[in-house]
Amino acid sequence: MNGRALDPAGRDMRDIVSYFGFLSTGVPVGAETEGEGLPKLQALKGDVGRGGSVFTATCVRCHGATGQGTPLSPPLWGPRSYNNGAGMARIVTAASFIHAVMPIDRAQQLTPQQAFDVATYINTRPRPDFPPKVRDWPRGGRPPDADYRVLPAPAPPRSAAHPPRAP
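Rules used in this analysis
- Residues numbered from 1 in each chain as written.
- Predicted model: local features only at pLDDT ≥ 70, side-chain atom pairs only at ≥ 80, totals over all residues.
- Heavy atoms only, no water.
- Salt bridge = Lys/Arg side-chain N within 4 Å of Asp/Glu carboxyl O.
- Buried < 20%, exposed > 50% of the residue type's maximum accessible area, 1.4 Å probe, protein only.
- Helix = DSSP H or I, 4+ residues; strand = E, 2+ residues; numbered from the N terminus.
- Contact = heavy atoms within 4.5 Å.
- Core = buried A, V, L, I, M, F, W, Y, C linked by side-chain atoms within 4.5 Å.

All right, on to the pattern of salt bridges then. Applying the stated criterion to the full structure yields 5 salt bridges. Notably, a salt bridge pairs Asp 15 with Arg 14, separated by 4.0 Å at the nearest N-O pair. Looking at Arg 14, the relative accessible area reads 49%, which means it is partly exposed. Put simply, Asp 117 and Arg 50 hold a salt bridge, and the shortest N to O gap is 2.7 Å. Taken together, the residues Asp 117 in helix H4 (residues 112-122) and Arg 50 in helix H2 (residues 48-63) connect sequence positions 67 residues apart.

Among the secondary structure elements, Gly 67 is positioned in the loop between H2 and helix H3 (91-101). With 10 residues separating them along the chain, Gly 67 and Trp 77 place their C-alpha atoms 5.6 Å apart. Once you skip the residues sitting within four places of it in the chain, Gly 67 turns out to touch Phe 55, Pro 75, Leu 76 and Trp 77.

The next thing to look at is the nonpolar core. Counting 22 residues, the largest nonpolar core has Phe 55, Ile 98, Val 118 and Ile 122 as the members making the most contacts within it. Those elements giving two or more residues to this core turn out to be H2, H3 and H4. At 6 residues, the largest contribution of residues to this core is made by H4. Residues within four places of Ile 98 in sequence aside, it is in contact with Leu 110, Ala 115, Val 118, Ala 119 and Ile 122.

So, in structure tokens, the structure goes:
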């Protein structure tokens, strides 16, 4: 989401579409495959203080003391991290990912509560803005863990049977 769009007619786009085609050989369109997705955790209230402690004890060795990333792992906040409109900026998404596969060498070491605590801590740190995020959920229904402002849902159109009232 922080990148630049590929030229739809360019070689890079052709190559990536070809690669996706190769990966999906023999898989029916819309079919789920083994290992797809992550189990979604039931939402819990995360605590920033506890999350900071979990981060220091568990995550620093790969992601760096200030979340800046290392040659081994990506930054979790700061100017080179995922932006605030990314899926990982959602607490439930981040916690589910953290619980299922982090730390990478000891997956599922953290309890669901610890995963929510560290996800809350990570997602309260500064990160790049994604201005188009304000158009997310145009019909309303913003999830509570999407912790950013979105535009209000548009008002339903007035029908011809109920024209606007004159002032």
